[in-house]
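An overview of the molecular structure
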Amino acid sequence: MRRTRSAAALPAVLLLALGACEAQKSSSPLSPSVAGPIPGVSITAPKLLEPGQGFKFKESEQPIKLLIENASSTGVRPITYIFEVAADSEFTSKVYARSGVPPGDGGRTSVQIDRLDLGRAYYWRARADDGANSSQFASAQFEVLPKPQLNAPGLVTPINGERTASRRPTLTLRNADRNAAVGAVSYEFQVAADQSFATLTTAGVVIEGAGQTSFTPAGDLGADQIYYWRARGAARETTGGWAAAQTFRTAVAVAPAPAPGPGPAPGGPCVSSNPEAIVQCERSKYGHMSHDQMAAFMR
């Protein structure tokens, strides 16, 4: 039977040669089995680009992409990246983690993460690693907003069938309540002569004001007439409900003033130092009088 010689039985010179070979292999900076940090090698932390600190994502903007600016290294080993997302700043409750991400083109690297729960804050971080040396983590916080909620506005004036001061009344509402997921709001106003709003008399859209928002029709409405009006808010992807309709009655039409007649001559009616001229003036106004009647009138 052939015996296998144990390592203890090998010549000492051979063992020393094998040990030198292994030491040379492990000291190669590109060796996958290189041990520990390589002295003199420094790797910068990647720069977090998106999402930035405090960024707020809408529900429609998921799934989220994490984007970094690539790190730099003084070593020769290739760099990969580690991405992590957690529900806490200590990263004890991780909701996403990926390592070994190769650098992207153009000096930037990105990963797309799984959809996250709505209405809460998250923390993300990234670092560069070459298998022997690592950079520091760069971290930031972002938020995923809740599902948008935009309530109906409150109609302030005119309400309850009150009569307006004009036929072109200003309609005013109290701005609608909303949550943080709703952005800038505009209001749609509608006015109709029927409660079903089947045929609109006038309508318009107004950008939200401070606390209250108002709309004034472009033209006069009918005189002494009942009208119905309502309004609702909208913010890009979100539209709120209509406020319960209210009524008002327009002002009564004002009769036009009569056209002024020809005024008297300067100095008063039929003023003259000549009595005959006065008679002729008065005759022109009272042509039905005789000369004697006119003379008697002038005494």
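Now for a description of the structure that goes with this document. As the structure is a prediction and not an experimental result, all values here were calculated from the model. (Residues numbered from 1 in each chain as written. Predicted model: local features only at pLDDT ≥ 70, side-chain atom pairs only at ≥ 80, totals over all residues. Heavy atoms only, no water.)

1. Focus on the sheet that holds strand E1 (residues 47-50)
The three strands are arranged E1-E3-E6 in an open sheet whose pairing can be described as antiparallel. Two strands bound the open sheet, and with one partner strand each, they are E1 and strand E6 (108-112). Adjacent strand axes in the sheet meet at a mean angle of 30° when their direction is disregarded. As paired strands, E1 and strand E3 (residues 65-69) are joined by three bridges and run antiparallel to one another. By the bridge assignment, Glu 50 is partnered in E3 with Leu 67. (Pairing = 2+ DSSP bridges. Helix = DSSP H or I, 4+ residues; strand = E, 2+ residues; numbered from the N terminus. Axes fitted to C-alpha atoms, helices over the stretch in contact; angles between N-to-C directions.)

2. A short note on the packing of aromatic side chains
If you walk through the whole model with that rule in mind, you get six aromatic pairs. With 5.7 Å between their ring centres and 85° between their planes, Phe 57 and Phe 142 make a pair best called edge-to-face. Placement of the pair is Phe 57 in strand E2 (residues 55-57) and Phe 142 in strand E8 (residues 138-144), with a sequence separation of 85 residues. This pair shows no difference in class: Phe 57 is buried, exactly as Phe 142 is. Relative to Phe 142, the ring of Tyr 122 lies with its centre 5.8 Å away and its plane at 25°, an arrangement referred to as stacked. Remark: Phe 142 occurs in strand E8 and Tyr 122 occurs in strand E7 (residues 120-129); sequence separation between them is 20 residues. On the basis of relative accessible area, Tyr 122 is assigned to the buried category, the value being 2%. Taken together, the ring pairs connect Phe 55, Phe 57, Tyr 122 and Phe 142 into an aromatic cluster. Above the plane of the ring of Phe 91 lies Arg 125, whose end atom (NZ or CZ) is 4.1 Å from the centre. (Phe/Tyr/Trp six-rings, centres within 6.5 Å; stacked < 30°, edge-to-face > 60°. Buried < 20%, exposed > 50% of the residue type's maximum accessible area, 1.4 Å probe, protein only. Lys NZ or Arg CZ within 6 Å of the ring centre and 35° of its normal.)

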